[in-house]
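Spelled out from the first residue to the last, the chains are:
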Amino acid sequence: MIPVGQRAARKPFQFRSAAHLLRIEPQRATTVAELLEGLRSCSDASIFEHTFQTLREHHFITEGFSNDFAQWALAACNEARLAEHLAAVDIREFTEIAGLRQRLVSVMDEYVRTHPEAAGRTAFEPFYFAASELFVVPTPYQAHNLEEFASSLEKVSVASIHYHFVDARLRLKLDSNNFSVWLEEALDLGDLAQQIKRIDIYTLTLEGVRQRILEAVQKALNGASGSKEA
Amino acid sequence: MNRKNNPGATVAPPSESARPARRAVRPQPRLDDYAAVVGPAEIDELRYLAQQLRGRTVKMVNSTAVGGGVAEILNRLVPLMNELEIATKWEVITGGEDFFAVTKAFHNALHGSPYELTQEASDVFLSYNEQNRQSMQFGEDLVVIHDPQPAGLVLSKPEGKAKWIWRCHIDLSHPHPGVWGLLRPLVEQYDAAIFSSPSFSRSQMGIPQYLFFPAIDPLAEKNKKLDDKKVQEVCDRFGIDRKRPILTQISRFDRLKDPVGVIRAYKMAKHYADCQLVLAGGGATDDPEGAQVLAEVKEAAAGDPDVIILDLPPWSHVEINALQRASTIVIQKSLREGFGLTVSEALWKGKPVIAGAVGGIPVQVIHKLTGMLVHSVEGCAYQIRYLLTHPDFARQLGRNGREHVRANFLITSNLKRYMLLYLILLKISSPLVS
């Protein structure tokens, strides 16, 4: 029987990366109420930036809240409860921006209704809406089997990890990530795909995510996890 | 130098004759040299983006070839673009003393200082821009104009495919209405504007605005790795004791950098922790206000042998590098700031930084994550005490800070952002999300 690591994939995994350029948007907020208005009117790209890209920008830090709205509510408005509610919005529940925007708006709306005194209080510093313009960039790395996948994953940039593991969800409307989809569809490694899907992007750095994926893949290669899928 | 008998010691600026003999011109770093810093994947990405732009031509224009952050950035950026076969020229506008007096006043007014705009000042500004337009050719695909001084060159923008970008390096959050009223109609003729911080941008402008952080060159003399022997030699030369904590602020002797406030914070902290303070900067010799501030600094430091004031000449890159590396904590307690690249320089050296929450500093120093932001002398003193008594936390800030700079504030990131903007404006490649 062909070992799991050398089993040929039905199609190769092409590692890509992404380059980003930040565009400054017209919306600005100096109060919680203005942030709510901004959330309603800003571009989809802005929602994407402030929820998904923060994980890339601060990929080396796990402290602090994982989306910019929550971070601003805490740091600039001193609204810890609102910050916690915004931070609890899990991007993994959404496969499109509209749903994510709706959830953020509903969290803010509820807070403004129940804490009217907080809505108009001026923040220490404004929130500036931005949008990320994202360009896909090819990399020289391609995997035809699990061993090649592991060795390529060790070499690609953290931007590539972010591209495949985090922003693929909304970009491709996936309830998963590119790695898990490929492992399941091209190699029939469903258990490994699920393990990788469960890795917590909020409490790990992108390097941490890379290590967790590599650990799971290594176990599969050693037969501890992937063997039953052979 | 023995500071024991020389309290509040000041090292005077060396005379021009003391300037080191010009060393043999070393070749500038090539793009591949940066792979050791940012990783080969990043270099591959830059090469890929450049391939899409190969054969395109770019002109960069600013108002000075030497001195200042803009010239420092262009000195590296332009050769790197040419290495990537994006033919890039850098030209500098000319002007008389009257022009630069007016544009300096404009600069201060755009930063929010009081100013009375006269018709004469407007005429001087516009006529020098017109003279420069007459002597310059603009046949490139892309023209990048840096800062307000040459903003009027946009009147030479031809109809057609050429795209013009205005790169603003200053804080426009509260501009003088008259000066901005003069500039805005010019700026709005560009195809895009670039700012160093979202807070510097203007919300009601009719052109797209992009965020580019300024950048440091990790391979420049000021930032490259130094062996400890060199660091020790510089400390010995300036009488700095490396066995005790060293607090350092590197900046011009300028009231907006609050050097006297730094001395007060050091004195408050010194009640709790034995430490030294190094204030190193330059610019005092040719700036009457700088000389006055330097005198105030000396007076505030008088009687304390642990305050070391270094009035350094502008070519002291290695000395600054060594001082930052020798520091236990780097301070940048500015009261007002453009971007404050000295902060990135210190973060790049893995140093815990305590900095004023002004201008572009909060982009670099994320409070308690990549450094500590402060709003007062008292806050600065407290954070000095805190970091001196929590060295593990201080080291973590330094590690985070270095990664933050690696991801955002290096010359390679700057190069990439320019290429992405060129791709957008020339419609060579469309972003995936916009």
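The structure we're discussing is the one just above.
If you're wondering where the values come from, they're calculated on a predicted model, not measured in any experiment.

Novice: Give me the lowdown on the overall build of chain A, citing residues and values where you can.
Specialist: Within chain A, the secondary structure is distributed over twelve helices and two strands. Across chain A, helices and strands are ordered from the amino to the carboxyl terminus as β-α-α-α-α-α-α-β-α-α-α-α-α-α. Principal axes of the C-alpha set define a box for chain A whose edges measure 70 × 30 × 25 Å. Look at the contacts in chain A between residues 6 or more apart in sequence, and 76% of them connect residues 24 or more apart. When the accessible surface of chain A is summed, it comes to about 9,600 Å², and 49% of that surface belongs to carbon and sulfur atoms. Where the 24 positive side-chain charges of chain A centre and where its 31 negative ones centre are 4 Å apart.

Novice: Which residues make up the interface of chain A and chain B, and what are the values?
Specialist: Tallying the contact residues gives 28 residues for chain A and 35 residues for chain B. Here chain A and chain B share an interface that buries about 2,800 Å² over both sides, 70% of which is from carbon and sulfur atoms. Taken together, the connections running from chain A to chain B amount to five residue pairs in polar contact (both at pLDDT 80 or more). Where the side of chain A that touches chain B is concerned, the elements lending two or more residues are β1 (13–29), α2 (44–57) and β2 (127–143) of chain A.

Novice: Before we move on, could you go through the pairing of strand β4 (residues 142–146) of chain B and cite the residues and values that matter?
Specialist: All names here are of chain B. Taken across its five residues, β4 has five buried, putting it largely inside the fold. Sheet analysis places β4 next to strand β5 (residues 163–167), joined by five bridges and oriented parallel. What sits directly across from L142, in β5, is K163.

Novice: If you had to explain helix α11 (residues 341–348) of chain B to someone new, which residues and values would you point to?
Specialist: For the α-helix, the turn length of 3.6 residues means that residues three or four positions removed from each other point alike. Residues and elements named next belong to chain B. Judged by how many residues are buried, α11 sits mostly within the fold: seven of eight residues are covered. Each element contacted by the buried residues of α11 is listed here: α1 (35–38), α10 (317–326), β11 (329–332), β12 (353–356), α12 (361–364) and α14 (391–408). Positive backbone phi, approximately 70°, marks G350, located one or two places after α11.

Novice: Would you mind going over the side chain of E133 of chain A in detail, with residue names and values included?
Specialist: Inspection of the secondary structure puts E133 of chain A in strand β2. Here Y210 of chain B takes part through its side chain, which lies 3.1 Å from a polar atom of the side chain of E133 of chain A.

Novice: Before we move on, can you summarise the packing of helix α3 (residues 68–75) of chain A against helix α4 (residues 80–87) of chain A with the specific residues and values?
Specialist: Residue and element names in this part refer to chain A. At their nearest, the axes of α3 and α4 sit 8 Å apart, and the two run at 170° to each other. With respect to α4, the axis of α3 lies roughly antiparallel. Residue-level contacts link F69, A70, A73 and L74 of α3 to A80, L82, A83, L86 and A87 of α4.

Novice: Explain the environment of P138 of chain A residue by residue, including any values.
Specialist: Here P138 of chain A lies in strand β2. On a C-alpha basis, the gap between P138 of chain A and H50 of chain A in space is 25 Å, while along the polypeptide they are 88 residues apart. Not counting residues up to four positions away in its chain, the partners in contact with P138 of chain A are F15 of chain A together with Y48 of chain B.

Novice: Hey, could you go over the packing of helix α8 (residues 158–165) of chain A against helix α12 (residues 206–221) of chain A for me, with residue numbers and the actual values?
Specialist: Residues and elements named next belong to chain A. In contact at an axis separation of 9 Å, α8 and α12 are set at 70° when each is read in the N-to-C sense. Considered as vectors, α8 and α12 are oriented roughly perpendicular to each other. Here α8 contributes V158, I161, H162 and F165 to the contact with α12, which in turn contributes L206, E207, V209, R210 and I213. Here the residues of the contact of α8 with α12 are counted per class, giving six nonpolar, one polar and two charged.

Novice: Requested: an account of the sheet that holds strand β7 (residues 209–211) of chain B, with residues and values cited.
Specialist: The strand order β2(A)-β1(A)-β7(B)-β6(B)-β5(B)-β4(B)-β2(B)-β3(B) describes an open sheet built from eight strands, whose pairing is mixed. The sheet terminates laterally at β2 of chain A together with β3 (87–92) of chain B, the two strands that pair on one side only. Strand-to-strand twist of the sheet, defined as the mean angle between neighbouring strand axes without regard to direction, takes the value 25°. For β1 of chain A and β2 of chain A, the ladder comprises 13 bridges, and the chain directions are antiparallel. What sits directly across from A18 of chain A, in β2 of chain A, is V136 of chain A.

Novice: Mind laying out the nonpolar core, listing which residues take part and the relevant values?
Specialist: All names here are of chain B. Among the nonpolar cores identified, the biggest contains 100 residues, and W166 and Y422 are the most heavily contacted of them. Among the elements that make up this core, the one with the highest residue count is helix α15 (residues 411–425) (ten residues). Beyond its immediate sequence surroundings of up to four residues, Y422 is in contact with L53, V58, M60, M81, L142, V144 and I165.

Novice: Before we move on, could you go through the packing of aromatic side chains and cite the residues and values that matter?
Specialist: Under the definition given, this model contains 28 aromatic pairs over all chains. For the pair F69 of chain A and F129 of chain A, a centre-to-centre distance of 6.3 Å together with 45° between the ring planes defines the contact as tilted. One end of the pair, F69 of chain A, is in helix α3; the other, F129 of chain A, is in strand β2, with 60 residues separating them in the sequence. Owing to a relative accessible area of 1%, F129 of chain A belongs among the buried residues under this scheme. Where F212 of chain B meets Y418 of chain B, the ring centres are 5.0 Å apart and the plane angle is 85°; that geometry is what we call edge-to-face.

Novice: Could you give an account of the side chain of K416 of chain B, with specific residues and numbers?
Specialist: Looking at where K416 of chain B falls in the secondary structure, it is placed in helix α15. At 3.0 Å, the side chain of K416 of chain B forms a polar contact with the side chain of E42 of chain B. With residues near it in sequence (within four places) discarded, K416 of chain B still touches A19 of chain A together with E42, E45, L46 and L49 of chain B.

What counts as what
- Residues numbered from 1 in each chain as written.
- Chains lettered and ligands numbered in written order.
- Predicted model: local features only at pLDDT ≥ 70, side-chain atom pairs only at ≥ 80, totals over all residues.
- Heavy atoms only, no water.
- Helix = DSSP H or I, 4+ residues; strand = E, 2+ residues; numbered from the N terminus.
- Contact = heavy atoms within 4.5 Å.
- Areas by Shrake-Rupley, 256 points an atom, 1.4 Å probe, with all protein chains shown as cover.
- Lys, Arg positive; Asp, Glu negative; His and termini not counted.
- Charge placed at Lys NZ, Arg CZ, Asp CG, Glu CD.
- Buried area = accessible area lost by both parts, 1.4 Å probe.
- Polar contact = N/O pair within 3.5 Å; in protein donor to acceptor, adjacent residues only side chain to side chain.
- Buried < 20%, exposed > 50% of the residue type's maximum accessible area, 1.4 Å probe, protein only.
- Pairing = 2+ DSSP bridges.
- Axes fitted to C-alpha atoms, helices over the stretch in contact; angles between N-to-C directions.
- Parallel < 35°, antiparallel > 145°, perpendicular 65-115°, else oblique.
- Nonpolar A, V, L, I, M, F, W, Y, C, P; charged D, E, K, R; others polar.
- Core = buried A, V, L, I, M, F, W, Y, C linked by side-chain atoms within 4.5 Å.
- Phe/Tyr/Trp six-rings, centres within 6.5 Å; stacked < 30°, edge-to-face > 60°.

These values are about where atoms sit, not about what they do.
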